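What follows is each chain in one-letter form.
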Amino acid sequence: MKHLLFFLVLASELVFTQKCYVESITGSVRAQIGTNERWTEIQEGIELPPYSTVSTEKNSSAVLVKGNTKFTLKESAAVTVNNIKKMSVDDLLLALAMEDMLNAPRKKDDAKSKSTQIYGELNKEEKTNSVSNTEFGLMRLNGAKQLGESGFRESAIVAAKETYRKYPETKKIISYRIYFANLLYEKGLYEEAYSEFDSFKNLAMSEKEKTEISSKMDMLNKKLINK
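Residues numbered from 1 in each chain as written. Predicted model: local features only at pLDDT ≥ 70, side-chain atom pairs only at ≥ 80, totals over all residues. Heavy atoms only, no water.

### With respect to the confidence of the model for the chain
No. 1: Per-residue pLDDT for the chain averages 86, and the proportion of residues at 70 or more is 82%.
No. 2: Confidence over residues 4-12 falls short of pLDDT 50; this stretch has 16 contacts with residues more than four positions distant or in other chains.
No. 3: Counting interchain partners and residues more than four positions distant, the pLDDT-below-50 stretch residues 110-123 has 29 contacts. (pLDDT = per-residue confidence, 0-100. Contact = heavy atoms within 4.5 Å.)

Listed below in structure tokens is the structure:
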């Protein structure tokens, strides 16, 4: 089953490994190009191969074009160009299953190398020299949220899950957890949404956030019972 899942994810990734180019830039924008771990200041017109990661500083932005898709990465955010894509719900479920596997306890160290073969950039060092791991994790969440706000909701969920796995401290940022859980709800993935809400309901949060989560879980519970 694991081998089949790896194969399906690999096949899905190959479909979306289009190159991307930078249409315009405002301010300071850096990128890890391809699988290169070095951060480089980039200019307009540069082509970015799959798995490149782009990051923007404060008061900066970049317009990225990939095939017929255009995406604006706003300030203080980071995104992997391979996440700039439209996905079906089935593709999303497959990617979530892959994330569950990557999060599962492993007995052998070679599990990491196997996942690297499929995801490439997902296991390289990503943080910039000027920010901490936690700060860069927040930049990745900002990028994921911007994907969701630009209509790439399935990709946004996957990008958020990747960030939670690689930067565990970001799991404590409740506003983002609620945002991405709501995306699951909007996509009709009620079991996944319920599980997500349930996983962070005991985190520190405001009374308003507690009420929102409780209300959404009650609603989801009813939907699942009547399913």
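After that view, the rundown keeps rolling.
### Digging into the nonpolar core
No. 1: Leu48, Val54, Leu64, Phe71, Leu147, Phe180 and Ile213 are the most contacted members of the largest nonpolar core, which totals 47 residues.
No. 2: If you tally residues by element for this core, the top one is helix 6 (residues 174-186), at 9 residues.
No. 3: In this structure, Ile213 is in contact with Ile174, Ile178, Phe197, Phe200, Lys201 and Met205, ignoring residues within four places of it in sequence. (Core = buried A, V, L, I, M, F, W, Y, C linked by side-chain atoms within 4.5 Å. Buried < 20%, exposed > 50% of the residue type's maximum accessible area, 1.4 Å probe, protein only. Helix = DSSP H or I, 4+ residues; strand = E, 2+ residues; numbered from the N terminus.)

### Remarks on the pattern of salt bridges
No. 1: As enumerated under the stated definition, the model contains 12 salt bridges in all.
No. 2: Of the charged contacts, one joins Glu186 and Arg153 as a salt bridge, the two residues approaching to 2.9 Å between their closest N and O atoms. Of the two residues, Glu186 sits in helix 6 while Arg153 sits in helix 5 (residues 153-166), which places them 33 residues apart along the sequence.
No. 3: For Glu186, a relative accessible area of 46% gives the class partly exposed.
No. 4: Given a relative accessible area of 35%, Arg153 falls into the partly exposed group. (Salt bridge = Lys/Arg side-chain N within 4 Å of Asp/Glu carboxyl O.)

### Some remarks on the sheet that holds strand 2 (residues 29-32)
No. 1: The strand order 3-2-5-8 describes an open sheet built from 4 strands, whose pairing is antiparallel. The sheet is open, and its two borders are formed by strand 3 (39-41) and strand 8 (78-80), each paired with just one other strand. Going from strand to strand, the sheet's axes swing by 25 degrees on average, the running direction of each strand aside.
No. 2: Direction of pairing for strand 2 relative to strand 5 (residues 53-56): antiparallel, over a ladder of 4 bridges. Directly across from Val29, in strand 5, lies its bridge partner Thr56.
No. 3: Here helix 4 (residues 133-149) sits on the sheet in contact with strand 3, strand 5 and strand 8, set at roughly 70 degrees to strand 8. (Pairing = 2+ DSSP bridges. Axes fitted to C-alpha atoms, helices over the stretch in contact; angles between N-to-C directions.)

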